[in-house]
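Chain by chain, the residues run as shown.
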Amino acid sequence: MAENLEQLLLATLNNKEFLHSESFEYKSLFLSSVTPDISNARFMPCIFIEDEHAKQFISRAISKRKLCDLYNGENYVLVGKSCIINCLKYGSSEWKKANTTIESIVELGENIAVSEMIQVPTVYPIDDGKYQILTGHRRFFALVFAYGFGHVAQFKVYARKPILSKVKQFQENASREDLPQYGKLQAFLAAMMEVDYLD
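Chemist: Got a minute to help me understand the sheet that holds strand β6 (residues 122-125) in this structure?
Modeler: Within a sheet, adjacent strands bond to each other through the backbone by hydrogen bonds, running parallel or antiparallel. The five strands lie next to each other as β1-β8-β6-β7-β2, forming an open sheet whose pairing is mixed. Whereas interior strands pair on both sides, the edge strands pair on one side only; in this sheet they are β1 (24-30) and β2 (34-35). Two elements, β2 and strand β7 (residues 131-135), share two bridges in a ladder whose sense is parallel. What sits directly across from V34, in β7, is Y131. Contacting β2, β7 and β8 (152-158), helix α6 (residues 137-147) runs over the sheet at an angle of about 125° to β7.

Next comes the structure, spelled out in structure tokens:
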């Protein structure tokens, strides 16, 4: 039943012209000017680390503990160039979920480093020259892993927050097989609430 509802919602949304007519352009942005959306099913509690600290960690000039202390990284995942460090509580369900996500980010980051990204992350402006991720959280983390937090990358930039932002996130998340069912359900419910509100 839920699958039929999901298909009906996707079919209806794909036929709504106003969803696809919002203004956007492709821009090069500093990765450091982009922030993840904590309400997205793809969100991972993270802190981005400076390229120099990532380099020190990889060369073993700084330990995980020192890096965690330096960034107040307890209960976060530290993400930097060529390193992702899981500082969530060891063995917890969040730690396990983060490890699965980290594996897919590392694999994607290694692919990005040797070839171009076909579908860039989408963002919209928030304030002070910053941008919020709409879709492409995993791709964004992979870009940071591949190039570092100080690097510039291509993004699809909406002029403003799209009217049905949760619906756009659901459309992307529904197609991903690696997203847990609970994450898909969260994305579906957020999209349904958004549609009901606008109705």
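Chemist: So what exactly am I meant to see when it comes to the environment of E103 here?
Modeler: Within the secondary structure, E103 is located in helix α5 (residues 93-114). A relative accessible area of 56% places E103 in the exposed class. Separated by 19 residues in the primary sequence, E103 and I84 place their C-alpha atoms 9.5 Å from one another.

Conventions we followed
Residues numbered from 1 in each chain as written. Predicted model: local features only at pLDDT ≥ 70, side-chain atom pairs only at ≥ 80, totals over all residues. Heavy atoms only, no water. Pairing = 2+ DSSP bridges. Helix = DSSP H or I, 4+ residues; strand = E, 2+ residues; numbered from the N terminus. Contact = heavy atoms within 4.5 Å. Axes fitted to C-alpha atoms, helices over the stretch in contact; angles between N-to-C directions. Buried < 20%, exposed > 50% of the residue type's maximum accessible area, 1.4 Å probe, protein only.

Just distances and angles here, no functional claims.
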